[in-house]
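Inside the fold
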Amino acid sequence: MVASLVGSFLASHFQMGPKAAFVLTPALAASFVVYAVRTRDGFVARMILFGLVVGFGELPADYFGVAVNKTLVYPQAEPLIWVSPAYMPLSWMVMMLQLGTVANWLTSKWGLLKTTAALAVLGGLNIPLYETLAHRAGWWSYRNTPMLFGVTPYYVILAEVLLSLALPLVVSHVAQARGPKVVALGVAQSVWLLLTGVFASWLVGLVSR
């Protein structure tokens, strides 16, 4: 998480553009794969699979932001999967693994209820910082929606909080799951991700009228 933050900060500070994301994201993803192989850490291996399913399952949510409510804008001069940058599935894999590991550790210390509340707060606080770094780095931007400091849409913050609410419970099942069940949990998280984005966009739009 520290490496991810430092890399994003440098990309933002020097305005490196999408090329930096195409280097940073696969490097972070590869580091988790190498760790899982070398240590034979079953939890990390399952979270990698879970995160990859969520990463590709997130593409419809990106399509909603880009083509349906037309608030999300990606640079066009980069390789795309559908309407998303080609690195995006790996980016979500990294994020799910990072937050999922924190959720799993906190659940063992605090229990599920306190961890759920903590992850919701962490998600709400983390997303404005990450969105600001991504905006300044030239990775993506938003338009035609109310935004915090003119950068982070309120609906994205709300969607992140709602997404984080489900994560500790889902991860607690991933930690005990095998193969097909891990994939099914990734699909469920992807559906939740899309629903939270659509709902948050609708609610913020309704309130702002």
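Everything below is about the structure shown above.
The text that follows walks through the structure, step by step, so that each part is easy to find.

Thresholds, definitions, all that
Residues numbered from 1 in each chain as written. Predicted model: local features only at pLDDT ≥ 70, side-chain atom pairs only at ≥ 80, totals over all residues. Heavy atoms only, no water. Helix = DSSP H or I, 4+ residues; strand = E, 2+ residues; numbered from the N terminus. Rg over C-alpha atoms; globule rule 2.2 N^0.38 Å. Buried < 20%, exposed > 50% of the residue type's maximum accessible area, 1.4 Å probe, protein only. Contact = heavy atoms within 4.5 Å. Areas by Shrake-Rupley, 256 points an atom, 1.4 Å probe, with all protein chains shown as cover. Lys, Arg positive; Asp, Glu negative; His and termini not counted. Charge placed at Lys NZ, Arg CZ, Asp CG, Glu CD. Phe/Tyr/Trp six-rings, centres within 6.5 Å; stacked < 30°, edge-to-face > 60°. Patch = residues over 30% accessible without salt bridge, like charges linked within 9 Å, V, L, I, M, F, W, Y side chains within 5 Å. Salt bridge = Lys/Arg side-chain N within 4 Å of Asp/Glu carboxyl O. Expected span 1.5 Å × (residues − 1). Arc of directions from axis to C-beta. Core = buried A, V, L, I, M, F, W, Y, C linked by side-chain atoms within 4.5 Å.

**Some words on the overall build of the protein chain**
- From N to C terminus, the protein chain includes eight helices and six strands.
- The order of α-helices and β-strands along the protein chain, N terminus first, is α-α-α-α-β-β-β-α-α-β-β-β-α-α.
- Computed over the C-alpha atoms, the radius of gyration of the protein chain is 16 Å, within 12% of the 17 Å expected from 2.2 N^0.38 for a compact globule of 209 residues.
- Expressed along its principal axes, the backbone C-alpha trace of the protein chain runs to roughly 45 × 35 × 30 Å.
- Looking at the protein chain as a whole, 48% of its 209 residues qualify as buried.
- Of the contacts made within the protein chain by residues no fewer than 6 positions apart, 70% connect residues no fewer than 24 positions apart.
- When the accessible area of the protein chain is evaluated, it comes to approximately 10600 Å², of which 71% is carbon and sulfur surface.
- Each charge class in the protein chain was averaged separately, 12 positive and 6 negative side chains, and the resulting centres sit 7 Å apart.

**Observations regarding the packing of aromatic side chains**
- For the structure on display, the rule yields six aromatic pairs.
- Centroid distance W139 to W140: 6.4 Å. Interplanar angle 45°. Geometry classified as tilted. The burial state of W139 is the same as that of W140; both residues are buried.
- Between F199 and W202 the ring centres are 6.0 Å apart and the planes differ by 35°, which places this aromatic pair in the tilted class.

**Considerations on a nonpolar patch on the surface**
- Taken together, the side chains of V2, V6, F9, L10, F14 and M16 make up a nonpolar region of the molecular surface, amounting to roughly 610 Å² of accessible area.
- Residue placement: F9 occurs in helix α1 (residues 2-13).

**With respect to the side chain of S201**
- Along the chain, the position of S201 falls in helix α8 (residues 179-208).
- Those residues in contact with S201, other than ones at most four positions away along the chain, are F64, N69 and Y155.

**Things to note about α1**
- Over its twelve residues, α1 runs 16 Å from end to end, which matches the ideal 16 Å to within 8%, given 1.5 Å per residue.
- All buried positions along α1 are accounted for by S4, G7, S8, A11 and S12. Down the axis of α1, the sector holding all buried residues measures 135°, keeping them to one side. Along α1, the residues that are exposed and aim more than 90 degrees away from the buried face are V2 and H13.
- At its buried positions, α1 is contacted by α2 (18-39), α5 (88-110) and α6 (112-137).
- The positive-phi residue at the C-terminal boundary of α1 is Q15, with phi of around 45°.

**Comments concerning the nonpolar core**
- Core analysis: the largest hydrophobic core is formed by 51 residues, its most contacted members being M47, I48, F50, W92, M96, W139 and W140.
- Counting residues per element, the ones that place at least two in this core are α2, α3 (42-57), α5, α6, α7 (154-174) and α8.
- Ranked by residue count, the leading element in this core is α5, at ten residues.
- Setting aside residues no more than four positions away along its own chain, F50 makes contact with M96, L167, V170, V174, V182, L185, G186 and Q189.

**Examining the side chain of E78**
- Relative to the helices and strands, E78 resides in the loop between β1 (72-73) and β2 (80-81).
- One buried charged side chain, E78, makes no salt bridge at all; its nearest oppositely charged neighbour is K19, positioned 11 Å away.
- The residues contacting E78, other than those within four sequence positions of it, are P18, F22, P85 and Y87.

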